[in-house]
Amino acid sequence: DWLPDVTPSSGLKAVEARDKDRNAGLNKAVEEMQTLADDAARLYREGKAKEAAAALDGLLEKARKAGLISEFFLGVFAYNFQSSEDERMYFAILEKNVELFPNSFTACELLASVYASRGKTKLALVYFRKVLELDPGNRNASKMIKELQK
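Residues numbered from 1 in each chain as written. Predicted model: local features only at pLDDT ≥ 70, side-chain atom pairs only at ≥ 80, totals over all residues. Heavy atoms only, no water.

Student: Before we move on, could you go through the pattern of salt bridges and cite the residues and values that matter?
Tutor: Per the stated rule, a full pass over the model turns up eleven salt bridges. For the salt bridge of glutamate 32 with lysine 28, the shortest nitrogen-to-oxygen distance reads 3.0 Å. Note that glutamate 32 and lysine 28 are positioned in helix α1 (residues 8-45) at a spacing of four residues, about one turn of the helix. Residue lysine 96 pairs with glutamate 99 through a salt bridge whose shortest N-O separation is 3.6 Å. (Salt bridge = Lys/Arg side-chain N within 4 Å of Asp/Glu carboxyl O. Helix = DSSP H or I, 4+ residues; strand = E, 2+ residues; numbered from the N terminus.)

Student: Quick rundown of the packing of helix α5 (residues 105-117) against helix α6 (residues 121-134)? Include the residues and the values.
Tutor: When two helices pack together, their arrangement is captured by the angle between the axes and the distance separating the axes. The geometry of α5 relative to α6 is characterised by a closest axis approach of 8 Å and an angle of 155° between their N-to-C directions. The angle between α5 and α6 places the two elements in the roughly antiparallel class. Regarding α5 and α6, the two cross each other, and that crossing is left-handed. Contacts between α5 and α6 involve Phe105, Cys108, Glu109, Leu111, Ala112, Ser113, Tyr115 and Ala116 from the former and Leu123, Ala124, Tyr127, Phe128, Lys130, Val131 and Leu134 from the latter. (Axes fitted to C-alpha atoms, helices over the stretch in contact; angles between N-to-C directions. Parallel < 35°, antiparallel > 145°, perpendicular 65-115°, else oblique. Left-handed = near helix turned anticlockwise from the far one by under 90°. Contact = heavy atoms within 4.5 Å.)

Student: Which residues make up the nonpolar core, and what values do they have?
Tutor: In this structure, Leu56, Phe77, Phe81, Met89, Ile93 and Phe128 are the most contacted members of the largest nonpolar core, which totals 38 residues. Looking at this core, the elements that each hand over two or more residues are α1, α2 (49-65), α3 (71-79), α4 (87-100), α5, α6 and α7 (139-148). The leading source of residues in this core is α4, at seven residues. Setting aside its immediate chain neighbours within four residues, phenylalanine 81 contacts Ala37, Ala41, Asp86, Glu87, Met89, Tyr90 and Ile93. (Core = buried A, V, L, I, M, F, W, Y, C linked by side-chain atoms within 4.5 Å. Buried < 20%, exposed > 50% of the residue type's maximum accessible area, 1.4 Å probe, protein only.)

Student: Describe the side chain of serine 104, and please don't skip the residues or the numbers.
Tutor: Along the chain, serine 104 turns up in the loop between α4 and α5. Residues within four places of serine 104 in sequence aside, it is in contact with Glu71 and Leu134.

Written out as structure tokens, the structure reads:
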């Protein structure tokens, strides 16, 4: 009676319980992140950039704590805000990607490409030049700089 139950089934039950708790925590974080994303997008549309940025920062902090923050996550997340009405949110997420991953030529190139596609030539050039600093052999960045300077 004094020995703990260490049968294989008890170990499996412990793992299942741990996974269930982890999934419940992740689901809660994702729900809270969705609310913050909705709030940030709405606030950007209303022209309340400071409040929107705070909501976005809160979302990113929740994502970080949940272990979800990565360049890939931010790129996929930004993709959801490509519409013209959500353009400010789109830029804010991509700018955060560069801020959080300053040595990533990929994050800079994505932001530069989006700026270029939206006619923001000066900003596109800034970030394409940053791409070349980080990845001197990047042919796309060199090509885009030449095109944008015409």
